[in-house]
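Descriptive structure summary
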Amino acid sequence: MIARTQHPVEGESLQNQLPSWQEELSRAIRQPRELLEALQLPAELLDGMNQGDQLFPLRVPYPYLSRIEPGNPQDPLLLQVLPSLQETRQVPGYLTDPLQEQQAIAHPGVLHKYHGRVLLIVSGACAINCRYCFRRHFPYDDNNLSTQEWEQALAYLAQDSSIDEVILSGGDPLAVNDKRLLWLINRLEAIPHLQRLRIHTRLPIVIPQRITPELLQGLQQSRLQKVMVVHVNHAQELDTPVRQALKQVQEAGVTLLNQAVLLRNVNDDTDTLTKLSKQLFSAGVLPYYLHLLDPVQGAAHFDVPHAEAVALVKGLLELLPGYLVPKLVREDPGHPSKSPLL
Ligand SMILES: *Cc1c(COP(=O)(O)O)cnc(C)c1O
Ligand code: SF4
């Protein structure tokens, strides 16, 4: 062991030197002024930042911050996290609960909307606050399930043999610690009709140290087929530590997919989306969904109209192999699936 610490093998060296994911969570930037200074942004942004911050707090961990170009107020990663005055605008049709998810809740923490798969809200917390997120209006942070509620959720899965896939979601399901997560995965494995375990998470992108040896081991050992759906909107989010983390996940026998949100000024052109698909694939990730923005209050300035989105994806079809073109979808309340738009 001592020899290994002195001469760390390739791949381990980086992880050992970095702060843990919990440390990164706790030292994340939460003050608009701090973000301004860290990125040498113009001081006149501060007033708008403060107003946006009051509606949905700023939260940016350092590993993500390090991929933002200093001094560039238009950086596509910055725009995803920068609170702004535009969020205070009321726009007709933009709602606080655009997906009307309350109706699909079977038990606390259990969303059963689609045939065969059930979504569990494992944690309401996220490592980062994305300005366009529908989650911005929920007091998710204090919404974790009690042990009794977990037992009820598991009982719900066990009594319905038409369910063969469980989706761990949130917030971000990887915001809970490995012990809790592996406990849950263990309990799911004991339900015979479950075949697939899917994890919807942005955490490995935001803080790649979240991919711990314990988590990898737990996933590798599971009898379930594993899918991880990450959330990357721009190729610049994929730096070397993120690529290394994704590679480890893949080596643990997990299929990697990506969902992105089509966002004005972030990824709303064929060049950016083409590059995203290619860079994802080079990191072992297949593009899965490209979502139209949910019409959530405070996010209207990110909207790309339906017709423009369709034209963009048609452009992608002409430039990329079919497997690198994400499905353009929108979520319509009450529908039995996501709605394909092409
Ligand atoms: C999006 C979603 C799913 C997953 O749908 P897929 O098309 O299988 O990716 C499942 N349950 C809920 C509640 C969802 O919102
Ligand atoms: S749920 Fe996803 S999109 Fe929303 S804030 Fe969390 S990481 Fe960002």
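Cut-offs applied
- As a convention, each chain's residues are numbered from 1 in the sequence order in which they are written.
- Whichever chain is written first becomes A and whichever ligand is written first becomes 1, with later ones labelled in order.
- The model is predicted, so local features are restricted to residues of pLDDT at least 70 and side-chain atom pairs to those at 80 or more, both for listing and for counting; the totals for chains, interfaces and linings are taken over all residues.
- By convention in this description, side-chain values take in all heavy atoms of the structure and omit both hydrogens and water.
- Start and end points for every domain follow an automatic or database-based domain assignment.
- Once two parts are joined, some of their accessible surface, as seen by a 1.4 Å probe, is lost; buried area is that loss totalled over both.
- What makes a salt bridge here is a side-chain nitrogen of Lys or Arg within 4 Å of a carboxyl oxygen of Asp or Glu, nothing more.
- Contacts described as polar in this section are N or O atom pairs within 3.5 Å, which, within protein, must combine one atom able to donate a hydrogen with one able to accept it, while residues neighboring in sequence count only if both atoms come from side chains.
- Secondary structure follows DSSP: runs of H or I at least 4 residues long count as helices, runs of E at least 2 residues long count as strands, and numbering of each begins at the N terminus.
- Any residue under 20% of the maximum accessible area for its type is buried, any over 50% is exposed, and the rest in between are partly exposed; the area is computed with a 1.4 Å probe on protein chains only.
- The criterion for a residue being near a molecule or strand is simple. One of its heavy atoms has to lie within 4 Å of it.
- Residue exposure ignores everything except the shown protein chains as possible cover, and the areas themselves are Shrake-Rupley values with a 1.4 Å probe.
- Every axis corresponds to a line fitted to the C-alpha atoms, with the helix fit spanning only the stretch in contact, and the corresponding angles, defined between N-to-C directions, vary from 0 to 180 degrees.
- The scheme is simple: roughly parallel for angles under 35 degrees, roughly antiparallel for over 145, roughly perpendicular for 65 to 115, oblique for anything else.
- Crossings are assigned a handedness: left-handed for a near helix turned anticlockwise from the far helix by less than a right angle, right-handed for a clockwise turn.
- Residue contacts are defined here by distance: any two heavy atoms, one from each residue, within 4.5 Å place the two residues in contact.
- We score Asp and Glu as negative and Lys and Arg as positive, and we do not count His or the chain ends.
- For this analysis, a ring pair means two rings from Phe, Tyr or Trp (six-membered ring only for Trp) whose centres lie within 6.5 Å, classed as stacked if their planes differ by under 30 degrees, edge-to-face if by over 60, and tilted for the remaining angles.
- Residue classes follow a fixed rule: Ala, Val, Leu, Ile, Met, Phe, Trp, Tyr, Cys and Pro count as nonpolar, while Asp, Glu, Lys and Arg count as charged, and any other residue, Gly among them, counts as polar.
- By nonpolar core we mean a set of buried residues, namely Ala, Val, Leu, Ile, Met, Phe, Trp, Tyr and Cys, connected to one another through side-chain atoms within 4.5 Å.

Once that is clear, we can look at the domain arrangement of the protein. Considered domain by domain, the protein is made up of domain 1 (15-88) and domain 2 (101-340). Regarding the contact of domain 1 and domain 2, the summed buried area is about 2800 Å², with carbon and sulfur atoms giving 55% of it. Its largest share of buried area at the contact with domain 2, domain 1 owes to Trp21, Phe56 and Gln80, together 31% of the area lost on that side. Where domain 1 touches domain 2, the interface holds three salt bridges. Here Glu87 ties to Arg136 by a salt bridge, and the two come within 3.0 Å at their closest N and O atoms. Between domain 1 and domain 2 we count 17 residue pairs in polar contact (both at pLDDT 80 or more) in total. At the level of elements, helix H3 (21-26), helix H5 (46-55), helix H6 (62-65) and helix H7 (78-81) are the ones that each hand at least two residues to the side of domain 1 that touches domain 2.

Okay, unusual backbone geometry next. Across the junction of Gly170 and Gly171, the peptide omega takes the value 20°, indicating a cis bond. In this structure, Gly171 sits in the loop between strand E4 (165-170) and helix H9 (178-189). A positive phi is found at Gln40, a non-glycine position, where the angle reads about 50°. Position of Gln40 among the secondary structure elements: in the loop between helix H4 (32-38) and H5. Judged by its relative accessible area of 57%, Gln40 falls in the exposed class.

Around ligand 1, the surrounding shell consists of Leu111, Lys113, Tyr114, Arg117, Leu119, Ile167, Arg198, Tyr288, Tyr289, Glu331 and Lys338. A distance of 3.5 Å is found between an oxygen atom of ligand 1 and a side-chain nitrogen or oxygen belonging to Glu331. If ligand 1 stood free it would expose 390 Å²; the protein chains cover 93% of that surface. Counting residues per element, the ones that place at least two in the shell around ligand 1 are strand E2 (110-114), strand E3 (117-123) and strand E8 (286-291).

Let us look at the packing of helix H13 (residues 270-282) against helix H14 (residues 306-319). Direction vectors running N to C along H13 and H14 enclose 55°, while the axes themselves pass 10 Å from each other. The angle between H13 and H14 falls in the class oblique. Our pair here, H13 against H14, has a crossing hand that is right-handed. Of the residues in H14, those touching H13 at Thr270, Leu273 and Thr274 are Leu312, Gly315, Leu316 and Leu319.

On to the side chain of Glu189, then. Inspection of the secondary structure assignment puts Glu189 in helix H9. One buried charged residue, Glu189, forms no salt bridge at all, with the nearest opposite charge on Arg223 at 6.2 Å. The contact partners of Glu189, leaving out residues within four places of it in the chain, are Ser222, Arg223 and Leu224.

This model, assessed by the stated rule, comprises three aromatic pairs. Aromatic side chains Tyr288 and Tyr289 sit 4.0 Å apart centroid to centroid with 20° between the ring planes, which places their arrangement in the stacked category. On the accessibility criterion, Tyr289 (13% relative accessible area) is buried.

The next subject is the site of ligand 2. Around ligand 2, the surrounding shell consists of Cys126, Ile128, Cys130, Cys133, Arg135, Gly171, Arg202 and His231. When its residues are assigned to classes, the shell around ligand 2 shows four nonpolar, two polar and two charged.

With 99 residues, the main nonpolar core has Leu35, Leu120, Leu168, Leu188, Met228 and Leu246 as its most contacted residues. Both domains that meet at this core, namely domain 1 (15-88) and domain 2 (101-340), each give it at least three residues. Leu120 has contacts with Gly109, Val110, Trp150, Ala153, Leu157, Val166, Ile167, Leu168 and Ser169, leaving out every residue within four places of it along the chain. By size, the runner-up hydrophobic cluster in this structure holds six residues, among which are Val227, Tyr288, Tyr289 and Val329.

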